[in-house]
Amino acid sequence: MKLIILFVIVLAVIVWLQRLKKNLGRHRSDHAASGGSAFPNGADSTAATSAQVEAMVACAHCGMHFPASEALVDASGTVFCSAEHRRLHSS
Ligand SMILES: [Zn+2]
């Protein structure tokens, strides 16, 4: 009888460890990015990673830094944050 109880406990520990391993694998990116956040999916870490990868440029008119994908570039290759700043800079 003792042996059966021991067997059940060992089985429960094995199942628990496998579940823990699965959870760790799923949340590994979260743990690496933010030190163990409680977010169920990797949405926040994905956003943080893309923000880090995104190149930042400065507006030639006001000097504000913003993602290169939102940049407005004039004929000479100068970068601006908005069409208005591009117009103001050229005039
Ligand atoms: Zn600007």
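Visitor: I'd like to hear about the overall build of the protein, residue by residue, with values.
Guide: In terms of regular secondary structure, the protein is built from four helices and four strands. Starting at the N terminus and ending at the C terminus, the protein contains elements arranged as α-α-α-β-β-β-β-α. Buried positions account for 9% of the 91 residues belonging to the protein. Here the contacts in the protein between residues at least 6 apart in sequence split such that 7% fall between residues at least 24 apart. Carbon and sulfur atoms form 65% of the exposed surface of the protein, whose accessible area is close to 7200 Å².

Visitor: Which residues make up the coordination of the zinc ion, and what values go with them?
Guide: All of the protein donors around the zinc ion are Cys59 (SG), Cys62 (SG), Cys81 (SG) and His85 (ND1); their distances to the metal are 1.9 to 2.3 Å. The sequence pattern formed by the donor residues of the zinc ion is C-x2-C-x18-C-x3-H. Linking Cys62 in the loop between strand E1 (56-58) and strand E2 (65-67) with His85 in helix H4 (residues 83-90), this pair joins segments that are 23 residues apart in sequence. Look at Cys62 and you get partly exposed, because its relative accessible area is 41%. A relative accessible area of 18% places His85 in the buried class.

Criteria and cut-off values
Residues numbered from 1 in each chain as written. Predicted model: local features only at pLDDT ≥ 70, side-chain atom pairs only at ≥ 80, totals over all residues. Heavy atoms only, no water. Helix = DSSP H or I, 4+ residues; strand = E, 2+ residues; numbered from the N terminus. Buried < 20%, exposed > 50% of the residue type's maximum accessible area, 1.4 Å probe, protein only. Contact = heavy atoms within 4.5 Å. Areas by Shrake-Rupley, 256 points an atom, 1.4 Å probe, with all protein chains shown as cover. Donors = N, O, S within 2.8 Å, 3.2 Å for Na, K, Ca; no water.

Geometric values such as these leave the question of function open.
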